[in-house]
Amino acid sequence: MLFEGISNLSSGLKKSNGKPVTFKRRKYTYKISFKVLNAVDYGAPQFRERIIIVGNRLNKRFEFPGHTHRDPRCLNDDLFLPDNLPNWETAGDAILNLP
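Residues numbered from 1 in each chain as written. Predicted model: local features only at pLDDT ≥ 70, side-chain atom pairs only at ≥ 80, totals over all residues. Heavy atoms only, no water.

S.K.: Please provide a residue-by-residue account of unusual backbone geometry, values included.
M.R.: If a residue is not glycine, its phi is most likely negative; likewise, a peptide bond is most likely trans. In this structure, Asn59 takes a positive phi of about 60 degrees despite not being glycine. Inspection of the secondary structure assignment puts Asn59 in the loop between strand E4 (49–56) and helix H2 (91–95). Looking at Asn59, the relative accessible area reads 59%, which means it is exposed. (Helix = DSSP H or I, 4+ residues; strand = E, 2+ residues; numbered from the N terminus. Buried < 20%, exposed > 50% of the residue type's maximum accessible area, 1.4 Å probe, protein only.)

Written as structure tokens, this is what we have:
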């Protein structure tokens, strides 16, 4: 199961206080993993936070992918990101070479 929505939806899920989140639908139980991701961290030329919710019936935690881009203002501040990531794309970068 995959769900994407506005980041404000995460407030209800965060109330789980670190306990595993499960979702029961008919006779199936899904283990839920969720994270608020920002499109700009993955190469999209827009700052857009969205919650991504992944559920599975295998009782396994879903691992979200790491960033592919970084905030150019924080090159030396983020110890958790590799140094070789490209900077965020801007709308100007995206349309710069259009005919």
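S.K.: So what's going on with the packing of aromatic side chains? Which residues, and what values?
M.R.: Taken as a whole, this structure holds 2 aromatic pairs when the rule is applied. When the ring of Phe47 is compared with that of Trp88, the centres are 6.0 Å apart and the planes differ by 65 degrees; the resulting orientation is edge-to-face. Taken as a pair, Phe47 in the loop between strand E3 (28–38) and E4 and Trp88 in the loop between E4 and H2 lie far apart in primary sequence, 41 residues in all. Classification of Phe47 by relative accessible area gives exposed; the value is 59%. Taking the centre distance of 4.9 Å and the plane angle of 85 degrees together, the rings of Phe62 and Phe64 count as edge-to-face. In this structure Phe62 comes out as partly exposed when scored by relative accessible area, which is 33%. (Phe/Tyr/Trp six-rings, centres within 6.5 Å; stacked < 30°, edge-to-face > 60°.)

S.K.: Give me the pairing of E4: which residues, what numbers.
M.R.: Across the 8 residues of E4, 7 count as buried, placing the element largely inside the fold. Examined bridge by bridge, strand E1 (residues 2–6) and E4 share 5 bridges and lie antiparallel to one another. Note that in E4 the partner of Glu4 across the bridge is Ile52. Where E3 meets E4, 8 bridges bridge the pair, whose relative direction is antiparallel. Across the sheet, Lys31 pairs through a bridge with Asn56, a residue of E4. (Pairing = 2+ DSSP bridges.)

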